[in-house]
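# A closer look at the structure
If you want the building blocks of each chain, they are given just below.
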2 protein chains.
Amino acid sequence: MNATGMPDLDELKRLLRDHVQRNGLKSSSRRELVLEVFTRMGRHVTADELLRAARDSDARIGAATIYRTLRVLQDSGLVVERHFEGGASQFELVDGDHHDHLICIECKVIVEFDDDVVEQAQERLAARFGFELHSHRHELYGLCPACQKKRAAKAKRRTAD
Amino acid sequence: MNATGMPDLDELKRLLRDHVQRNGLKSSSRRELVLEVFTRMGRHVTADELLRAARDSDARIGAATIYRTLRVLQDSGLVVERHFEGGASQFELVDGDHHDHLICIECKVIVEFDDDVVEQAQERLAARFGFELHSHRHELYGLCPACQKKRAAKAKRRTAD
DNA sequence: TTGGCTGCAAATCCTTTGCAGAGGT
DNA sequence: ACCTCTGCAAAGGATTTGCAGCCAA
């Protein structure tokens, strides 16, 4: 992750090439394009958003390529897929440390966070049930500060009537 | 929730009738059938599982009715929908206290758990970002004890060759 | 040259909707 | 009677797959 807060593109391309080579796959400019577009967009994107953005650079790229590329990127560990409530999957670049999500149910803004207490509790819980933990999802849904204010203002207006 | 560990059917039917009446809807035997089937099956079921089971009692019931009924049940607060990773939504009867999930990535068995430490951490995190918390998802994915053994046995067999 | 990659279109899977008739109040 | 509920079939959205040609190694 560089100073821009986004993972470094060249680094990502290198990791992708490594994975591709190690698994008897082949390099391709489309796959690197998807990676480029990914770094330009916000951290959470849907397959369709990637497709539209990728078409700005390569009008002939198809949805199938996006999905197939996303699978390769997931296999290589560069990307994770997330199903938030409702709608399509979101894909997210991985940058070493993972994070959980706090999502506004009104404006859909996503805040990432990380918490050691929860982390440890997860290990403890898995151990209690004899599970070998592989991954987890932890998402909190609520109203962000801005949307709370908006609601409060709206309620006030109603009262004033 | 009664001694069987399943919510009480009569109680559920009563709650459903209340909701239906309060909202100008109408009672129907199909909706109560879905509720019955729900209590007979494990806690987590897909729409398709409900459909097949319901057809044992009423061969003519259709998928649309299941989905429409599930929406009514959700509106009434009796059921919640969950999108675990991959595949179809699962629906779950609500019985007052909520719980989180530990899911085996191999055999898909689901263990429910409840943890105060995590619960408190969630409140704390939401507060830190000024969010007003409404709900959350917390799912741990891993290998259950049985599937760990199966994998170990398989690995051993390979080694023996 | 080989075998992976791609676009395109068709196919799937899950879920929702339109419509005409059945059923509850 | 009125308005909701239902089955059926068709529509929908997201994702996957089959296939024939393209491209990298």
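Below or above, wherever it landed, is the structure these notes cover.

Cut-off values and rules
- Residues numbered from 1 in each chain as written.
- Chains lettered and ligands numbered in written order.
- Predicted model: local features only at pLDDT ≥ 70, side-chain atom pairs only at ≥ 80, totals over all residues.
- Heavy atoms only, no water.
- Near = heavy atom within 4 Å.
- Polar contact = N/O pair within 3.5 Å; in protein donor to acceptor, adjacent residues only side chain to side chain.
- Helix = DSSP H or I, 4+ residues; strand = E, 2+ residues; numbered from the N terminus.
- Nonpolar A, V, L, I, M, F, W, Y, C, P; charged D, E, K, R; others polar.
- Least-squares fit on C-alpha atoms with pLDDT ≥ 70 in both.
- Expected span 1.5 Å × (residues − 1).
- Contact = heavy atoms within 4.5 Å.
- Buried < 20%, exposed > 50% of the residue type's maximum accessible area, 1.4 Å probe, protein only.
- Buried area = accessible area lost by both parts, 1.4 Å probe.
- Salt bridge = Lys/Arg side-chain N within 4 Å of Asp/Glu carboxyl O.
- Pairing = 2+ DSSP bridges.
- Axes fitted to C-alpha atoms, helices over the stretch in contact; angles between N-to-C directions.

The next subject is the protein's contact with DNA strand D. The full set close to DNA strand D counts 20 residues, and Tyr 67 of chain A together with Ser 28, Arg 31, Ile 61 and Thr 65 of chain B are the nearest of them. Among atoms of DNA strand D positioned within 4 Å of the protein, sugar and phosphate together represent 71%. A distance of 3.2 Å separates a phosphate oxygen of DNA strand D from a polar atom in the backbone of Ser 89 of chain A. Here a phosphate oxygen of DNA strand D and a backbone polar atom of Ile 61 of chain B are 3.3 Å apart.

In the region of DNA strand C, 20 residues are neighbours, and Arg 30, Arg 31 and Thr 65 of chain A together with Lys 26 and Tyr 67 of chain B sit closest. Atoms of DNA strand C within 4 Å of the protein: sugar and phosphate make up 70%, bases the balance. In this structure, a base nitrogen belonging to DNA strand C sits 3.0 Å away from a side-chain N or O atom of Arg 68 of chain A. No other element matches helix H4 (residues 63-75) of chain B, which puts 4 residues into the surface near DNA strand C. Residues that form the surface near DNA strand C fall into these classes: 6 nonpolar, 6 polar and 8 charged.

Note that the two copies of the chain are related through a rotation about an axis and a translation along the same axis. In screw terms, the move from chain A to chain B is a rotation of 179° and a rise of 0.2 Å along the axis, fitting with an RMSD of 0.5 Å. Seen this way, the second copy is the image of the first under a two-fold rotation axis. Judged by C-alpha distance, His 138 of chain A is the residue of chain A that lies nearest the rotation axis, at 2.3 Å.

With 12 residues, helix H2 (residues 29-40) of chain A ought to run about 16 Å at 1.5 Å a step, and its terminal C-alpha atoms sit 17 Å apart, in line with that. If you follow the buried residues of H2 of chain A, they end up packed against helix H1 (9-22), strand E1 (44-46), helix H3 (47-57), helix H4 (63-75), strand E2 (79-82) and strand E3 (90-93) of chain A.

The topology assignment puts Arg 137 of chain B in strand E6 (residues 132-143). The exposure class assigned to Arg 137 of chain B is buried, which follows from its relative accessible area of 4%. When sequence neighbours within four positions are dropped, the list of residues in contact with Arg 137 of chain B reads His 83, Phe 84, Glu 85, Arg 137, His 138, Glu 139 and Tyr 141 of chain A together with His 83 of chain B.

What follows is about the interface of chain A and chain B. Taken together, the 39 residues of chain A in the interface contact 38 residues of chain B. Approximately 3300 Å² of surface area, both sides summed, lies buried where chain A meets chain B, with 65% of it carried by carbon and sulfur atoms. At the junction of chain A with chain B, the criterion picks out 6 salt bridges. Run the count over chain A and chain B and you get 16 residue pairs in polar contact (both at pLDDT 80 or more). Contributing elements (two or more residues each) for the side of chain A that touches chain B: strand E4 (100-104), strand E5 (110-113), helix H5 (116-128), strand E6 (132-143) and helix H6 (145-160) of chain A. At 12 residues, the largest contribution of residues to the side of chain A that touches chain B is made by E6 of chain A. A per-class count over the side of chain A that touches chain B returns 21 nonpolar, 9 polar and 9 charged.

This part takes up the sheet that holds E3 of chain A. Remark on secondary structure: sheet strands pair via backbone hydrogen bonds, oriented parallel or antiparallel. Residues and elements named next belong to chain A. If you trace the 3 strands from one edge of the open sheet to the other, you get E1-E3-E2, paired in antiparallel fashion. The outermost strands of the open sheet, each flanked by one partner alone, are E1 and E2. Taking the axes of each pair of neighbouring strands and ignoring which way they run, one obtains an average angle of 35° across the sheet. Strand direction decides the pairing type here: E1 and E3, joined by 3 bridges, are antiparallel. Bridge assignment links His 44 to a residue of E3, and that residue is Glu 92. Here H2 sits on the sheet in contact with E1, E2 and E3, set at roughly 90° to E3. Running over the sheet, H3 touches E1 and E3 and is turned about 85° from E1.

Residue and element names in this part refer to chain B. Reading across from one edge, E1-E3-E2 is the order of the 3 strands in this open sheet, with antiparallel pairing throughout. Of all the strands in the sheet, the pair left with one neighbour each is strand E1 (44-46) and strand E2 (79-82). Pairwise comparison of adjacent strand axes, ignoring direction, gives a mean angle of 35° for this sheet. Pairing of E2 with strand E3 (residues 90-93), which is carried by 4 bridges, proceeds in the antiparallel orientation. What sits directly across from Arg 82, in E3, is Gln 90. Contacts from helix H2 (residues 29-40) reach E1, E2 and E3, with the element oriented near 90° to E3. Each of E1 and E3 is contacted by helix H3 (residues 47-57), which is oriented at about 85° to E1, the strand it contacts most.

Residue and element names in this part refer to chain A. Counted residue by residue, E4 has 5 buried out of 5 residues, so it is predominantly covered. Of the two faces of E4, the one lined by Asp 100, Leu 102 and Cys 104 and the one lined by His 101 and Ile 103 are each fully buried. Note that E4 and E5 share 4 bridges and pair antiparallel. Bridging across to E5, Leu 102 finds its partner in Val 111. Linking E4 to E5, which pair antiparallel, is a turn of 5 residues; within it Lys 108 sits at a positive phi near 70°. One ladder, built from 4 bridges, connects E4 with E6; its direction is parallel. Bridging from a neighbouring strand, Leu 102 pairs with Leu 140 of E6.

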